[in-house]
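# Observations on the model geometry
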Amino acid sequence: IIDLYVLTADYVRNIQEWVDNGFSDVIPAAPNNFELRKTMESIEDKASISDHISYIPVKFKILFGEYADAENQAVFKVIKKRGTAYTDSEIKNAVAAKVNEYFRLENWDFGEQFYFSELAAYLHKELADYISSIVITPKFAGNDFRNLLSISCEPHEIFLSVVTSKDVKIISSIASNELTGE
């Protein structure tokens, strides 16, 4: 048995169009096993008689924005760098853009683990003129912020962040009450 994890260019393109066009209510679906078998039928001819090829569609695991599963929805709370000339709106947009940039497809492999500490280090480096501190908190009060400190993907998943400026909040200090949902 040969398991092939397949991420099609059409699915990636459809997801990218969905993101670029402002997130319609319908999230593009990954191709199913039958569609993958038809797409990959040229491989079947190269398999030996005893081989069974199983095509497993790779899906995006959506993180942080409103289209993520409830347990993966988050608010990024940032403290503005003292003396910065950037507005709150500029900071929110910059944080959202850099979080999404961090999760670009080419930066991840199927089944990887996300650690917030690595993202925080990246954001501090990239946004040194904007922010002095950042924390991630659950969007909903019943969720525990510690669950967002590391997130796993299944072997057939790859991360996709859909953070918008609505998912970023400017705060004045990090207090225990800031570690709960909105």
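Residues numbered from 1 in each chain as written. Predicted model: local features only at pLDDT ≥ 70, side-chain atom pairs only at ≥ 80, totals over all residues. Heavy atoms only, no water.

Now for the overall build of the protein. Counting its secondary structure elements, the protein contains 5 helices and 9 strands. Counting from the amino terminus, helix and strand elements in the protein follow one another as β-α-α-α-β-β-β-α-β-α-β-β-β-β. Overall, the C-alpha framework of the protein stretches about 70 × 30 × 30 Å when taken along its three principal axes. Counting across all 182 residues of the protein, residues that qualify as buried make up 40%. Within the protein, counting contacts between residues at least 6 apart in sequence, those at least 24 apart form 76% of the total. When the accessible surface of the protein is totalled, it reaches about 10300 Å², and 49% of it is carbon and sulfur. Positive and negative charge centroids in the protein, built from 18 and 28 side chains respectively, lie 7 Å apart. (Helix = DSSP H or I, 4+ residues; strand = E, 2+ residues; numbered from the N terminus. Buried < 20%, exposed > 50% of the residue type's maximum accessible area, 1.4 Å probe, protein only. Contact = heavy atoms within 4.5 Å. Areas by Shrake-Rupley, 256 points an atom, 1.4 Å probe, with all protein chains shown as cover. Lys, Arg positive; Asp, Glu negative; His and termini not counted. Charge placed at Lys NZ, Arg CZ, Asp CG, Glu CD.)

So, about the nonpolar core. Within the largest apolar cluster, 43 residues are counted, with the highest numbers of intra-cluster contacts made by F64, F76, V95, F103, F114 and L119. Mapped by element, the contributors of at least two residues to this core are helix 1 (9-20), strand 3 (59-63), strand 4 (74-80), helix 4 (88-102), helix 5 (116-126), strand 6 (131-138) and strand 8 (157-161). Once residues lying within four places of it in the same chain are set aside, the contact partners of F64 are N72, Q73, A74, F76, V99, F103, F114, I136, I151, S161, V163 and D167. With 5 residues, the next largest nonpolar core counts V6, M40, I53 and Y55 among its residues. (Core = buried A, V, L, I, M, F, W, Y, C linked by side-chain atoms within 4.5 Å.)

Okay, the pattern of salt bridges next. Taken as a whole, this structure holds 8 salt bridges when the rule is applied. If you follow the salt bridges from partner to partner, you end up with K98, E101, K125 and E126 in one network. (Salt bridge = Lys/Arg side-chain N within 4 Å of Asp/Glu carboxyl O.)

What follows covers the environment of I151. Among the structural elements, I151 can be located in strand 7 (residues 150-152). For I151, a relative accessible area of 5% gives the class buried. Setting aside anything within four residues of it in sequence, one finds I151 in contact with K61, L63, F64, N72, E112, Q113, F114 and F159.

Here we come to the sheet that holds strand 4. Spatially, 3 strands are ordered 6-4-9 in an open sheet, and the strand pairing comes out mixed. Both outer strands of the open sheet, strand 6 and strand 9 (168-171), are each paired with one neighbouring strand and no more. The mean angle between the axes of side-by-side strands here comes to 30 degrees, regardless of whether they run parallel or antiparallel. Of the strand pairs in this sheet, strand 4 and strand 9 are connected by 4 bridges, and their pairing is parallel. Residue pairing for strand 9: V78 is matched across the bridge by I170. (Pairing = 2+ DSSP bridges. Axes fitted to C-alpha atoms, helices over the stretch in contact; angles between N-to-C directions.)

Further remarks concern helix 4. In this model, helix 4 (15 residues) spans 21 Å end to end at C-alpha, consistent with the 21 Å of a helix rising 1.5 Å per residue. Those residues of helix 4 not exposed but buried are I91, A94, V95, A96, K98, V99 and Y102. Buried positions along helix 4 lie against strand 4, strand 5 (113-115), helix 5, strand 6, strand 8 and strand 9. (Expected span 1.5 Å × (residues − 1).)

Here the focus is the pairing of strand 8. Here is the key point about a regular strand: its side chains alternate between the two faces of the sheet. Of all 5 residues in strand 8, 5 are buried; the element is thus mostly enclosed. By the alternation rule, side chains of strand 8 split into E157, F159 and S161 and I158 and L160, which are all buried. As judged from the 5 bridges shared by strand 3 and strand 8, these two strands associate in the parallel manner. Each residue of the ladder has a partner; that of K61, found in strand 8, is F159.

Since one α-helical turn is 3.6 residues long, residues separated by three or four positions face the same way. Those residues of helix 5 that fall on the buried side of the exposure criterion are F116, L119, A120, Y122 and L123. Looking straight down helix 5, one finds its buried side chains confined to an arc of 160 degrees; they lie on one side. The exposed residues of helix 5 that point more than 90 degrees off its buried face are S117 and K125. Looking at the buried positions of helix 5, the neighbouring elements they touch are strand 4, helix 4, strand 5 and strand 6. (Arc of directions from axis to C-beta.)

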